[in-house]
Amino acid sequence: HAQPTAPRRRHAGHRGLEGLLPLALRRRECRQQLPAHLIGRDLQRRLETDRVVFVQGYTGSGKSSQIPQILLDGPKPWFGNSEGKVLCTQPRRLAVAAVAQHVAKERGCALGEEVGYSIGQQSLRGARTQLLFATAGIALEMLRAAGPEALVEFAVVVVDEVHERSEQSDLLLACLREFMLKDKRLRHLRLVLMSATFDAARYNEYFRVLGEQDGGGKERKALPIPQRAKLMGQALYDVKVRYLEQA
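This text gives an overview of the structure that appears in the document. (Residues numbered from 1 in each chain as written. Predicted model: local features only at pLDDT ≥ 70, side-chain atom pairs only at ≥ 80, totals over all residues. Heavy atoms only, no water.)

## Considerations on the pattern of salt bridges
Enumeration over the complete set of coordinates arrives at 12 salt bridges. Between R165 and D170 there is a salt bridge; the shortest N-O distance is 2.7 Å. For E205, the salt bridge is made with R208, and the minimal N-O distance between the two is 3.2 Å. Taken together, the shared-partner salt bridges in this structure form one network comprising D73, R107 and E114. (Salt bridge = Lys/Arg side-chain N within 4 Å of Asp/Glu carboxyl O.)

Okay, here's the thing in structure tokens:
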């Protein structure tokens, strides 16, 4: 007589991923109401002609979590409409891990698959990673190890919180400008600088040489994310600050 077979067990991780999908759909509907999504089309149009774009948005507008996703999901005619990857840098390790985890949940994927991050000695990324969050220091290590070749697979590099200047962030911007200027393989690369408040004219002057290389060189103003008061009929959430002593 044949021995009875035990019921097949499904891997717990598989059940976890299935549970993420319906939740991700609801989160997608919610995040599309964030102010950052209102500039999605304008941002895409800017990137078709400008190699460097400035985005200015207040805290809570969704720029850190939504702009990288807009860039990942949108068309990239400057990249041959292929699935170019997006690299997004943050000034602090904690922000890198937090934003990456938040974005992965919104997209219904396990961290380290479509969305990954790299900080210090810890890296969650794989062959399927299309959106990579990292510190400026990690980005510099990538450039030190491989030079311009490290950027060939990326369609867009996003430098978030660009006003929080440091030696590493300044060196990263310098390397990006030089590589984009001198390496023909990076003529497709687009650079997006984001901040809640920064001197766009100063950065525009620094990167003007890239526009002159393409026959332009005109001053480009920052693309502002609309304030909440201008969003009629939109359900948004105010940013509330609480301190541990008040918890």
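From this point, the discussion proceeds with the structure in view.
## Section: the packing of aromatic side chains
Applying the stated criterion across every chain yields a total of three aromatic pairs. For the ring pair F198 and Y203, a centre distance of 5.8 Å and an interplane angle of 70° mean the geometry is edge-to-face. As far as burial versus exposure is concerned, F198 and Y203 are alike and both buried. Following the ring pairs from residue to residue traces out a cluster consisting of F54, F198 and Y203. (Phe/Tyr/Trp six-rings, centres within 6.5 Å; stacked < 30°, edge-to-face > 60°. Buried < 20%, exposed > 50% of the residue type's maximum accessible area, 1.4 Å probe, protein only.)

## Remarks on the sheet that holds strand β6 (residues 154-159)
Whether parallel or antiparallel, the strands of a sheet pair through hydrogen bonds between backbone atoms. Here we have eight strands laid out as an open sheet, ordered β4-β3-β5-β2-β6-β7-β1-β8, and mixed in their pairing. Pairing within the sheet leaves two strands with one partner each, and these edge strands are β4 (122-124) and β8 (223-224). Two strands pair when backbone bridges link them, and strand β1 (residues 52-56) and strand β7 (residues 190-195) are joined in this way by five bridges, in the parallel orientation. If you follow V53 over to β7, its bridge partner there is V192. Packing of helix α5 (residues 136-146) onto the sheet brings it into contact with β2 (85-90), β3 (115-119), β5 (131-135) and β6, and relative to β5 it is tilted by some 105°. (Pairing = 2+ DSSP bridges. Helix = DSSP H or I, 4+ residues; strand = E, 2+ residues; numbered from the N terminus. Contact = heavy atoms within 4.5 Å. Axes fitted to C-alpha atoms, helices over the stretch in contact; angles between N-to-C directions.)

## Structural notes on the packing of α5 against helix α6 (residues 167-182)
α6 packs onto α5 with a crossing angle of 40° between their chain directions and a minimal axis gap of 9 Å. On the basis of the axis angle, α5 is oblique to α6. As α5 packs across α6, the resulting crossing turns out to be left-handed. Across the interface between the two elements, A136, G137, A139, L140 and L143 of α5 pack against Q168, S169, L171, L172, C175 and F179 of α6. (Parallel < 35°, antiparallel > 145°, perpendicular 65-115°, else oblique. Left-handed = near helix turned anticlockwise from the far one by under 90°.)

## A few points about the packing of helix α3 (residues 63-73) against helix α4 (residues 93-107)
Where α3 meets α4, the closest approach of the two axes is 10 Å, and the angle between their N-to-C directions is 55°. Put simply, α3 runs oblique to α4. Relative to α4, α3 is oriented so that their crossing is right-handed. For the pair α3 and α4, contact is made by S64, S65, Q66, Q69, L72 and D73 and by V99, H102, V103, E106 and R107, respectively. A per-class count over the contact of α3 with α4 returns three nonpolar, five polar and three charged. (Nonpolar A, V, L, I, M, F, W, Y, C, P; charged D, E, K, R; others polar.)

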